[in-house]
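# Chain and residue survey
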Amino acid sequence: MLEQSDPEIYTSMQKEANRQKNGLEMIPSENYVSDSVLAAMGSILTNKYSEGYPGKRYYGGNQFIDEIESLAVDRAKKLFGVSHANVQPLSGSPANQAVYFALLNQGDKVMGLHLFFGGHLTHGWNVNFSGRFYNAVNYKTGQDGTIDYDALEAQAKQERPKLIFCGATAYPRIYDYKRLGEIAHSIDSYFVADIAHEAGLIAAKVVPSPAGHADVITTTTHKTLRGPRGGMIMCNGNPSEPLKPLPDGANPRENLPTLIDRAIFPGLQGGPHNHTTAGIAVALHEAMQPGFKRYAQQILKNAKTLAESLMAHGFKLVTDGTDNHLMLIDLQNKNITGREAEKALEDVCITVNKNTIPFDTRKPYDPSGIRLGTPALTTRGMRESEMKDIAGFISKAIEHANDAATKERVKSDILELCKGFPIFKYDW
Ligand SMILES: *Cc1c(COP(=O)(O)O)cnc(C)c1O
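Residues numbered from 1 in each chain as written. Predicted model: local features only at pLDDT ≥ 70, side-chain atom pairs only at ≥ 80, totals over all residues. Heavy atoms only, no water.

### Notes on the domain arrangement of the protein
- Structurally, the protein comprises domain 1 (38–287) and domain 2 (291–419).
- Contact with domain 1, which involves 28 residues of that partner, is made by 27 residues of domain 2.
- In terms of surface lost to domain 2, no three residues of domain 1 exceed Pro172, Arg173 and Arg226, which account for 27% of the buried area on that side.
- Seen at the junction of domain 1 and domain 2, the total is 1 salt bridge.
- The partner of Asp323 in a salt bridge is Arg173, with the nearest N and O atoms 2.9 Å apart.
- Viewed at the interface, domain 2 and domain 1 are joined by 11 residue pairs in polar contact (both at pLDDT 80 or more).
- Counting only elements with at least two residues in the side of domain 1 that touches domain 2, the list comes to helix H9 (199–203) and helix H11 (274–287).
- Within the side of domain 1 that touches domain 2, the residues separate by chemical class into 13 nonpolar, 9 polar and 6 charged. (Domains from an automatic or database assignment. Contact = heavy atoms within 4.5 Å. Buried area = accessible area lost by both parts, 1.4 Å probe. Salt bridge = Lys/Arg side-chain N within 4 Å of Asp/Glu carboxyl O. Polar contact = N/O pair within 3.5 Å; in protein donor to acceptor, adjacent residues only side chain to side chain. Helix = DSSP H or I, 4+ residues; strand = E, 2+ residues; numbered from the N terminus. Nonpolar A, V, L, I, M, F, W, Y, C, P; charged D, E, K, R; others polar.)

Below, the structure is given as C-alpha cells:
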C-alpha cells in the first residue's frame, strides 16, 4: 500500500531495511523488535486520545485502551518487582524529566555520573534541561574506569544533593545499587536508578536489579528490553493514596506514585501513545518467556567473548572487559581516533559509535574511544564463534583504515555472515 501511495518514503524505508539487514548493528542501545511488537505499533491504536490513566480518562471511548495500558502496567510491575509503574513516558529522557518534575524544585541539587565518564545528558549535563534548571554536580569514575563509591560517598556528603542518579550509556560494569541507596538515604536524598541500557538484562535476572534499593527506577523500553521506543518509571507505593502533608524538609517517599503520575500527566505530557503502550505490553510479555532469559544470557556470553577476542587482537578495553552487554575500546594505542575508527567500521558495514573514555584528552566530537555491544547481534542469533570472527573484522578494518582493498574484502565477508542470520521475516 505504502509503496503505491508514498513511493518516496517507501523507498527510503526499503533502503533502511537493507542497511539493517546487511550490516552488523553494534550500537549497544539498539535492537531488532519482534514482528509482534511491530504489529502492535503499526496499528489503529494511534488513532485514540486517552489523556489520564486507566479508569480516569479525560476522553470517552477508552475501555479497550484501558485494558491495554493496564496490562502493560501489570506486566511491568511483575517483571521488575515493583508495586507501581507508569508506562506513558514518551522515551527515556522524558521519563527522567518527569522524575525531576515530580521530586525537585527548580534549582535543587542533583548528582549524576559525568557525561564524559559514561553518564547520560539528563543526569545533569549543562546544555540539557537537567543542568540548566537544576544545580547539577557530577561524580566520575576512578582511573581504572570503575565508579569509586568511596569518593562518591564523600562527594555526596559534602554536596548533599536532593537526588542521586545512577545509570549510564557507556559503563561496562555492574552497579552497587545497595551501596548507592545507602549513600543517598544517609543524606535524605532520593536514589534514582536509570536502567535504560540494562532493563532487558535486569528483567531476565542475569544482572542485579535496583528494585528494593532505588526510590525510583527509570528506563527506556527499546534497548536490551527489545520493545518500541518508549519509557517507563517504576517505584513502590500506592497511587490511590492522597498526597500527605509533610513535615518541613522531608522527602515524600510514600507519595512517589502520585507525584510521578502527576508529573507525566498533566505535568509534562498530553495524550499517551497508545500504539507504543501496546508495543511495550507485547515486549514485556516476551521478556517473561523462558526464551528471553536465554537471550539475555547469550548477550552476556557474546559480550565476554567479543571483549576477550578484541583484547587478544591487542585492543585495550576500558576496565579491561565487561560484565554487561557493552564495552568501550580505548584506541590510544592504535594510532586512530574514535571518529576515524567509527568511519573505518562504517566502511565495512559495522555500525558503532565514537565515545569518550574516562579522563579522555580528546573532545567528544572526536574522542579516543568507540562503544560497542551485542544485544542486536544476539537477537539475530549470533553466538560466540561469530563474535570471534567479528573481533577479527573489527581489528582488520581499524588496522587497515586507509586501505580500501582490505576494507572491501572485510565488507564482503561481513555481508556473507549477515546472510546466514536473516532478521526480517517479511519483506519491507
Ligand atoms: C538511552 C538512555 C536514556 C534516554 O533515552 P531516550 O529514549 O534516548 O530519550 C536515558 N538514560 C540512559 C542511561 C540512557 O542510556
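### So, the side chain of Lys223
- Structurally, Lys223 is set in the loop between strand S9 (216–220) and strand S10 (231–235).
- Here Lys223 occupies a buried position and makes no salt bridge, while the nearest side chain of opposite charge, Asp194, is found at 6.8 Å.
- Setting aside anything within four residues of it in sequence, one finds Lys223 in contact with Ser29, Asn31, Ala196 and His197. (Buried < 20%, exposed > 50% of the residue type's maximum accessible area, 1.4 Å probe, protein only. Lys, Arg positive; Asp, Glu negative; His and termini not counted.)

### A short note on the site of the ligand
- For the ligand, the set of nearby residues contains 13 residues, the closest of which are Ser91, Ser93, Asp194, His197 and Lys223.
- Here an oxygen atom of the ligand sits 2.4 Å away from a polar atom, N or O, in the side chain of Ser91.
- Here a nitrogen atom of the ligand sits 2.6 Å away from a polar atom, N or O, in the side chain of Asp194.
- Coverage of the ligand by the protein amounts to 86% of the 380 Å² it exposes when considered alone. (Near = heavy atom within 4 Å. Areas by Shrake-Rupley, 256 points an atom, 1.4 Å probe, with all protein chains shown as cover.)

### Looking at the pattern of salt bridges
- Summed over all chains, the structure comprises 18 salt bridges.
- The closest approach of N and O atoms between Glu25 and Arg19, which form a salt bridge, is 3.9 Å.
- Each of the salt bridges in this network shares a partner with another, and the network as a whole consists of Asp150, Glu153, Lys157 and Arg179.

### Quick look at the packing of helix H15 (residues 384–399) against helix H16 (residues 404–419)
- At a minimum axis separation of 10 Å, H15 and H16 run at an interaxial angle of 160°. By the angle between their directions, the pair H15 and H16 is classed as roughly antiparallel. Crossing hand, H15 versus H16: left-handed. Of H16, the residues touching H15 (which contributes Glu386, Ile390, Phe393, Lys396 and Ala397) are Thr406, Lys407, Val410, Asp413, Ile414 and Leu417.
- In terms of residue class, the contact of H15 with H16 is built from 6 nonpolar, 1 polar and 4 charged. (Axes fitted to C-alpha atoms, helices over the stretch in contact; angles between N-to-C directions. Parallel < 35°, antiparallel > 145°, perpendicular 65-115°, else oblique. Left-handed = near helix turned anticlockwise from the far one by under 90°.)

### Let's talk about the side chain of His84
- Within the element layout of this structure, His84 appears in strand S4 (residues 84–86).
- Look at His84 and you get buried, because its relative accessible area is 7%.
- There is a polar contact of 2.9 Å between the side chain of His84 and the side chain of Asp261.

### Side note on the sheet that holds strand S7 (residues 163–166)
- Across the sheet, 7 strands lie side by side as S4-S10-S9-S8-S7-S5-S6; this open sheet has mixed pairing. Whereas interior strands pair on both sides, the edge strands pair on one side only; in this sheet they are S4 and strand S6 (135–139). Strand-to-strand twist of the sheet, defined as the mean angle between neighbouring strand axes without regard to direction, takes the value 20°.
- Examined bridge by bridge, strand S5 (residues 109–113) and S6 share 5 bridges and lie parallel to one another. When the bridges of S6 are listed, Val110 appears paired with Ala136. (Pairing = 2+ DSSP bridges.)

### A few points about the nonpolar core
- With 50 residues, the main nonpolar core has Phe80, Tyr175 and Met232 as its most contacted residues.
- Per-domain counts for this core show at least three residues from each of domain 1 (38–287) and domain 2 (291–419).
- In this view, Phe80 contacts Ile195, Ala199, Ile202, Ala203, Ala211, Leu225, Met232, Met234 and Leu284; residues no more than four positions away in its chain are not counted.
- One finds Ile350, Ala391, Ala401 and Leu417 within the second-largest nonpolar core, a separate group that totals 35 residues. (Core = buried A, V, L, I, M, F, W, Y, C linked by side-chain atoms within 4.5 Å.)

### Considerations on the sheet that holds strand S11 (residues 316–317)
- Spatially, the 4 strands line up as an open sheet ordered S11-S12-S15-S14, and their pairing is antiparallel. The open sheet has two edge strands with one neighbour each: S11 and strand S14 (353–355).
- Two elements, strand S12 (residues 326–330) and strand S15 (residues 369–373), share 5 bridges in a ladder whose sense is antiparallel. Across the sheet, the residue bridging to Leu326 is Gly373, located in S15.
- In this fold helix H13 (residues 338–347) packs onto S14 and S15, with an angle of close to 45° to the strand it touches most, S15.

### Some details on unusual backbone geometry
- The omega angle of the peptide bond from Phe265 to Pro266 is 10°, so this bond is cis rather than trans.
- Structurally, Pro266 can be placed in helix H10 (residues 256–268).
- The phi dihedral of Phe359 is positive, around 60°, even though this residue is not glycine.
- You can see Phe359 is positioned in the loop between S14 and S15.

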